[in-house]
Amino acid sequence: MYHNSSQKKYWTYDKEEDLDKLRLEANRKFCSKGLSSGKPGINESMFLNQQEEKVLFRHYEKRLLDFCTMFKPVMPKSVVGTACMYFRRFYLNNSLMEYHPRTIMLTCAYLSCKVDEFNVSSTQFVGNLQESQAGQERALEQILEYELLLIQQLNFHLVVHNPYRPLEGFLIDLKTRYPLLENPEMLRKSAEDFLNRAAMTDAGLLFSPSQIALTAVLNSAARAGLKMEAYLTECMGLKEDKETLSKMYESMRRMTGLIKAYELPKAEEVNTCKQKLERIHAEFATNLKRKHGYEDDDHVVKRQMVAEEEWTDEDLDAL
Amino acid sequence: MKLSLSRDAHRQAHLRYRLFQQISHFITVYFDPRSADLLPIKSNFRVQLFEDPAIDKEVEIRKKVLKIYNKRELDFSTLKEYNDYLEQVEDIVFNLTNNVDVERTKQIMEQYQRDNKDVIQRNKAKLTREQEELEELLLQEQQNSEQRRLETLQEEQRQLQAKRKNKQALLDELESSKLPAAVLLAQHKDRAAQLETQIEKQKQNVKPANIFSTGIMMPLFIDTYGPPVPELDQLGRLGYLNHVRTASPQDHAGGYTSGLACHRALQDAFSGLFPS
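What counts and how
- Residues numbered from 1 in each chain as written.
- Chains lettered and ligands numbered in written order.
- Predicted model: local features only at pLDDT ≥ 70, side-chain atom pairs only at ≥ 80, totals over all residues.
- Heavy atoms only, no water.
- Buried < 20%, exposed > 50% of the residue type's maximum accessible area, 1.4 Å probe, protein only.
- Helix = DSSP H or I, 4+ residues; strand = E, 2+ residues; numbered from the N terminus.
- Arc of directions from axis to C-beta.
- Contact = heavy atoms within 4.5 Å.
- 1 Å grid on protein atoms, 1.4 Å probe; cavity = no way out; pocket = protein on both sides within 12 Å on 5 of 7 lines; lining within 4 Å.
- Points joined across faces, edges and corners; volume = space filled by probe spheres on them.
- Nonpolar A, V, L, I, M, F, W, Y, C, P; charged D, E, K, R; others polar.
- Phe/Tyr/Trp six-rings, centres within 6.5 Å; stacked < 30°, edge-to-face > 60°.
- Lys NZ or Arg CZ within 6 Å of the ring centre and 35° of its normal.
- Core = buried A, V, L, I, M, F, W, Y, C linked by side-chain atoms within 4.5 Å.
- pLDDT = per-residue confidence, 0-100.
- Salt bridge = Lys/Arg side-chain N within 4 Å of Asp/Glu carboxyl O.
- Axes fitted to C-alpha atoms, helices over the stretch in contact; angles between N-to-C directions.
- Parallel < 35°, antiparallel > 145°, perpendicular 65-115°, else oblique.
- Left-handed = near helix turned anticlockwise from the far one by under 90°.
- Buried area = accessible area lost by both parts, 1.4 Å probe.
- Polar contact = N/O pair within 3.5 Å; in protein donor to acceptor, adjacent residues only side chain to side chain.

The subject of this paragraph is helix H9 (residues 188-198) of chain A. Residue and element names in this part refer to chain A. Those residues of H9 that sit buried are Arg188, Ala191, Phe194, Leu195 and Ala198. For H9, the angular spread of the buried residues around the axis is 125 degrees, confining them to a single face. Those residues of H9 hidden inside the fold are in contact with helix H8 (164-177), helix H10 (203-206), helix H11 (209-223) and helix H13 (242-261).

Okay, here's the thing in structure tokens:
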């Protein structure tokens, strides 16, 4: 359950600033590593700054969501939520410049299918990419290469608690204990929409899934012009506990603020950042196979150091 | 191996000696003048339990040492003292296993044994008492389950007999009575149905007798950081189950009830709700 989960212990933070600090740290680490690598022609300006990384992150996150929505067979919501959370957690401690988000996002989706027991074979999985057979195979190879790295960077904490089931729980509870609200079902659509938007923010790293679900319900009720304070005071037994009540309202305010502040990055910005990213990856591409001593150590990897990615974003564009 | 003056025999004897030197770690040998051969002292043989014979040796030594050094944590006033004591024990085991300072270590052990004779006795007594109690409980559990098994067997027998009697009674009645066969059959069916319900009722009265011989004695309390969730068996009464999809007969056959999904959703909704 959530209250004794690794998510609560290790992956829930108090303030947005803590998250930004971690990301800045990851960015700085890569920049210093790159600068000290001793390669000619490297200067500070060719690296992505934190804002540009954010732009690219949002772009690829949207890509991930689109990939999951178009996925055949239909991916359950919890799998999508888990994949997004993995993506977010990975880039909390790593820079986009070190590991290309295109591969990481597919690896996140792949791992999430496994963890959530949504049985998809690897060939079926890459069959969802708009690629030639060979391109799909290459993609699969890369996914399998990055899988262990992803698990490691998640600190092996693979169980993610999503807010979808808590939302169901609240709707059941409202129908049973809160007769003031005549038809809680009508809140469902806009609450689910709220949850989808929340998945694209840092809400999952700052609040518990039950809090996110409750905010979704209250928010959607407020939109419909319905008052629901009595639910918290009466049904949750918070009439006497003013402190907890006010803290909860505060969290909900913060959360709604985060969601309102989200905006999809603009295409030109994305393109400039992408070009920078590709240049950096061409320059510093890490050959994971050699680094992690995969399989046969004496197998000489004949790949070029400038690892030319043979499939590009344009292939995903068709999605 | 006979003593002879041939060079081969000499070499063989030398090789055997070297072999025994290597494994003297585990086997002690003596020279037997009668057969002019190196023989192992058989009292040192044990059944090898572990793959690495060194571990076996250590296990044996440890058992012997712990028979003497059998103090427990509650015998010490501070944790540090207990840890020092444990370290002492480990040193002794290590020395004996690796043939380091064997004489001095043995003397230390004897000294300790003399000094703490009464504590050792007391702890030995306590240990045997605890083991006895455990054994008693286990035995009782066994007896209970055996008894239950016999009772169910007997019950089954009784039911079979009752059914047979019923059938026989029907046949007798068909033979002797003047009532039409259809009526008799209906009566018989009625009686059989009554018997079935009786049996069902009896089955439900089986007392769940569970004595836990090991296990947690006090109820566990887990903080869920949220409002309390109603119990699984209360969900129907409180009206929650009206708002969940009812389980189909196939679901029921598989052991699924709608209460399970409802309970889980509620647990998830309430877990971690209150900000800490």
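Having seen it, we continue.
Residue and element names in this part refer to chain A. Scanning all chains against the criterion turns up 3 cavities of 30 Å³ or more. Approximately 210 Å³ is the volume found for the largest cavity. Among the secondary structure elements, those contributing two or more residues to the lining of the largest cavity are helix H4 (77-93), H9, H10 and H11. The biggest single contributor to the lining of the largest cavity is H4, with 4 residues. In terms of residue class, the lining of the largest cavity is built from 12 nonpolar, 6 polar and 1 charged.

Applying the stated criterion across every chain, the model contains 20 aromatic pairs over all chains. Summarising the aromatic geometry, the rings of A:Phe47 and A:Phe284 are spaced 6.0 Å apart at their centres and angled 25 degrees between planes, so their arrangement reads as stacked. Of this pair, A:Phe47 sits in the loop between helix H2 (16-35) and helix H3 (50-69) while A:Phe284 is found in helix H14 (residues 267-284), placing the two residues 237 residues apart along the sequence. Among the residues examined, A:Phe47 registers a relative accessible area of 4% and is labelled buried. The exposure class of A:Phe284 is buried, given its relative accessible area of 14%. Here a set of aromatic residues connected by ring pairs shows up, and it is made of A:Phe57, A:Phe87, A:Phe90, A:Tyr91, A:Tyr99 and A:Tyr146. Here A:Lys8 stacks its cationic end above the ring of B:Tyr225, 3.8 Å away from the centre of that ring.

Bringing the nonpolar core into the picture now. One finds A:Phe87, A:Phe125, A:Phe170, A:Met228 and A:Tyr231 to be the most contacted residues of the largest nonpolar core, which totals 99 residues. Of all the elements, H4(A) adds the most residues to this core, at 10 residues. Not counting residues within four places of it along the chain, the set of residues in contact with A:Met228 comprises A:Leu174, A:Tyr178, A:Leu181, A:Leu187, A:Val217, A:Leu218 and A:Ala221. With 14 residues, the next largest nonpolar core counts B:Ile61, B:Tyr85, B:Val89 and B:Ile92 among its residues.

Moving on: the confidence of the model for chain A. Per-residue confidence for chain A averages 87 on the pLDDT scale, and 89% of its residues sit at or above 70. In this model residues 290-304 of chain A is a low-confidence stretch, pLDDT under 50, and it forms 14 contacts with partners more than four residues away in sequence or in other chains.

Okay, the pattern of salt bridges next. This model, assessed by the stated rule, comprises 28 salt bridges over all chains. Put simply, A:Glu192 and A:Lys77 hold a salt bridge, and the shortest N to O gap is 3.5 Å. One end of the pair, A:Glu192, is in helix H9; the other, A:Lys77, is in helix H4, with 115 residues separating them in the sequence. For the salt bridge of B:Asp84 with B:Lys80, the shortest nitrogen-to-oxygen distance reads 3.1 Å. Of this pair, B:Asp84 and B:Lys80 both sit in helix H3 (residues 79-97), separated by 4 residues, roughly a single helical turn. Through salt bridges with shared partners, a single ionic network connects A:Lys77, A:Glu168, A:Lys175, A:Glu185, A:Arg188 and A:Glu192.

Another point: the packing of H3(A) against H4(A). All names here are of chain A. Running from N to C, H3 and H4 cross one another at 160 degrees; their axes reach a closest spacing of 10 Å. Looking at the two axes, H3 sits roughly antiparallel to H4. Note that H3 runs across H4; the crossing there is right-handed. Residues Phe57, Tyr60, Glu61, Leu64, Leu65 and Cys68 of H3 form the contact with H4, whose participating residues are Val80, Ala83, Cys84, Phe87, Arg88 and Tyr91. Taken together, the residues of the contact of H3 with H4 sort by class into 10 nonpolar, no polar and 2 charged.

For the bond from A:Lys72 to A:Pro73, the omega torsion is 0 degrees, close enough to zero to count as cis. If you trace the backbone, A:Pro73 turns up in the loop between H3 and H4. We note that A:Phe156 has phi near 65 degrees; this positive angle belongs to a residue other than glycine. Positionally, A:Phe156 belongs in the loop between helix H7 (133-153) and H8. Backbone geometry places B:Asn99, a non-glycine residue, at a positive phi of 55 degrees. Relative to the helices and strands, B:Asn99 resides in the loop between H3 and helix H4 (102-115).

All names here are of chain A. Looking at the element boundaries, Gln7 is found in helix H1 (residues 6-10). C-alpha of Gln7 to C-alpha of Gly204: the two residues are 197 residues apart in sequence and 9.5 Å apart in space. Residues contacting Gln7, with those up to four places away along its chain left out, are Tyr2, Thr12, Met85, Arg89, Val159, Val160, His161, Gly204 and Pro209.

Turning our eyes to something else, we now look at the interface of chain A and chain B. A common way to report how large an interface is uses the accessible area buried once the components associate. Contacts between the two partners involve 25 residues from chain A, matched on the other side by 23 residues from chain B. The largest share of the area that chain A buries against chain B comes from A:His3, A:Arg165 and A:Ile172, three residues that together contribute 27% of it. Taken together, the connections running from chain A to chain B amount to 1 salt bridge. Note that A:Arg165 is salt-bridged to B:Asp268, the shortest N-O span being 2.7 Å. On inspection of chain A and its partner chain B, the count reaches 9 residue pairs in polar contact (both at pLDDT 80 or more). At the level of elements, H8, H11 and H13 of chain A are the ones that each hand at least two residues to the side of chain A that touches chain B.

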